[in-house]
Structures are given as C-alpha cells and as structure tokens.
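Architecture at a glance
Take a look at the letters that make up each chain.
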Amino acid sequence: SVISGNLAPCIGSAAYSVTSVSGITYTWTVTGGTIASGQGTNSVSVNWTGSGAQTLSVTPSNACGNGTLRSSPVTVNTVPVQPSAITGTAFACTEDVVASYSVTNVSGVTYSWSVSGGGTVTPSGNSASVDWNTAGSYVLTVVPSNTCGNGTSRTLNVTVETTPVPVINGVADACATVQQTYTVPLTSGNTYTWTVSANGTIISG
C-alpha cells in the first residue's frame, strides 16, 4: 500500500508503515536518514538527519523474490536559520516617535519580539515597533520559529537617552559691564550650547 506517516517531518524521529501482508518481508531504504527500528517489518522508525528533499522506499519480498518497490518523497524540515541583522535605530530618545525595526521575512517562519526593558514592543510579523520610554541600555531580541521549533535569536543593542533639561546656576541680577559666570551640572555625553539675549555676549565656554 502507499506509505503512511509524516511526509514533512522535522529533523529527528518519525514513524512510517504500509499495510501488513502475511508472509511478506519489507526492506526499507532511506536517503537523508537511517532506519532506526522495524527493518524487515511493515512498520519502521526513521531517524532523519538531513534536511530538504529525501526519499523513503520499501520493497516487499517472499520466497518467490522481490515485489514492486514503493517510494514516497519526503521533505525534511529544520528549525529556522538565524534571522538577518535587525534594521532600525540603535540610538533612541525617549521623546522620539515610536521606533521601527525589522528582519528579512522568510516564508513559513513566525517571529517573536521582545526587549530587555525600557520600552513597549508592538510586533507585526517580521517587523516591530518599540515605544522607548526609559533611558538606559537595552537589548531588542527577535526569535524565529516554525513547526520544528525555535531557531537562533538575533539581537540589537539599543541606547536610549532623554533630552537633557539643565538648571542654570549663577546670579539673576547682574550689573552692566560686569562679567558673570554661569554653569550647569556636567553630564557625561552632553554638549552645551549657550545663547544670550540682546545686551550680552558669551565671552568663553
């Protein structure tokens, strides 16, 4: 009879059989795997080790010789490969609009997105939007999966900062022609651009 069993298995073990007929011996052959058990019977377990297009065959025989071979094409699947590099900004500000990220879409693969903190993820297939709301260093992760399980994840390190709001220290009641010094607390990574309205000049700093 036709071979019954999963003709689109994952790497690993799968069972196959044909209808048993008394007095018949069944010899199984396979490409991309090995017969793990059941050789000589109408039912075998195959250990698939190679992915892609493979073939499973069985030949019936009795004292008169071999009968007609029966073959079935088998497509062996694996977990998805690691996604492409994540495209999107690796530097975000909490005041920015929602940031968009994506990986190359692969048919038959689903994608699970997550962040280690600092924002909220809205997934949409092979892409995701992240509303970054907390400053810090975070990791954006996407995990591919299919019917065979999860593949290797892809990550992107993202630095999130807030727009600085400095407090100016110095006299608020100055005398004309007298120089005054003004400061703000120094924060690493910030640059400072000073301006003054009419009747004053930035002399240094």
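Scroll up to find the structure.
Residues numbered from 1 in each chain as written. Predicted model: local features only at pLDDT ≥ 70, side-chain atom pairs only at ≥ 80, totals over all residues. Heavy atoms only, no water.

Glancing now at the sheet that holds strand β5 (residues 43–48). If you walk across this open sheet you meet the four strands as β1-β2-β5-β4, and the pairing is antiparallel. At either margin of the open sheet sits one strand with a lone partner, and together these are β1 (4–5) and β4 (33–37). Note that β1 and strand β2 (residues 12–17) share two bridges and pair antiparallel. Within β2, the residue paired with Gly5 across the bridge is Tyr16. (Pairing = 2+ DSSP bridges. Helix = DSSP H or I, 4+ residues; strand = E, 2+ residues; numbered from the N terminus.)

Moving on, we come to the pairing of β4. Where β4 lies against β5, four bridges are found, and the strand directions are antiparallel. Within β5, the position partnered with Thr34 by the bridge is Asn47. Hairpin connection between β4 and β5: a loop of five residues separates the two successive antiparallel strands, and Gly38 in this loop has a positive phi of roughly 90°.

This part covers the nonpolar core. By size, the foremost hydrophobic cluster in this structure holds 17 residues, and its most contacted members are Ile86, Tyr101, Trp113 and Trp132. Broken down by secondary-structure element, the contributors of at least two residues to this core are β10 (99–102), β11 (110–115), β13 (127–132), β14 (136–146) and β16 (154–161). In contact with Ile86, other than residues within four places in its own chain, are Tyr101, Ser102, Val103, Trp113, Leu140, Val142, Arg154, Thr155 and Leu156. (Core = buried A, V, L, I, M, F, W, Y, C linked by side-chain atoms within 4.5 Å. Buried < 20%, exposed > 50% of the residue type's maximum accessible area, 1.4 Å probe, protein only. Contact = heavy atoms within 4.5 Å.)

A few words on a nonpolar patch on the surface. Together, Ile168, Val171 and Tyr182 make up an exposed nonpolar region whose accessible area comes to about 260 Å². Assignment of secondary structure puts Ile168 in the segment after β16. (Patch = residues over 30% accessible without salt bridge, like charges linked within 9 Å, V, L, I, M, F, W, Y side chains within 5 Å. Areas by Shrake-Rupley, 256 points an atom, 1.4 Å probe, with all protein chains shown as cover. Salt bridge = Lys/Arg side-chain N within 4 Å of Asp/Glu carboxyl O.)

Within the secondary structure, Ser57 sits in strand β6 (residues 52–62). Residue Ser57 is classed as buried on the basis of its relative accessible area, which comes to 8%. Within the structure, the side chain of Ser57 is placed 2.6 Å from the side chain of Ser71, a separation counted as a polar contact. Sequence-distant contacts of Ser57, that is, excluding residues within four places in its chain, are made with Thr27, Trp28, Thr29, Leu69, Arg70 and Ser71. (Polar contact = N/O pair within 3.5 Å; in protein donor to acceptor, adjacent residues only side chain to side chain.)

A few words on the state of the cysteines. Counting across every chain of the model gives one disulfide. Across a sulfur-sulfur distance of 2.0 Å, Cys10 and Cys148 are joined as a disulfide pair. A torsion of -95° about the S-S bond marks the disulfide between Cys10 and Cys148 as left-handed. Placement of the pair is Cys10 in the loop between β1 and β2 and Cys148 in the loop between β14 and β15 (149–150), with a sequence separation of 138 residues. (Disulfide = S-S within 2.5 Å.)

Before going further, it helps to spend a moment on the side chain of Ser72. Within the fold, Ser72 resides in strand β8 (residues 70–76). Residue classification places Ser72 among the buried positions, given a relative accessible area of 9%. Apart from residues no more than four positions distant in its own chain, Ser72 is found in contact with Ile3, Leu7, Gln54, Thr55 and Leu56.

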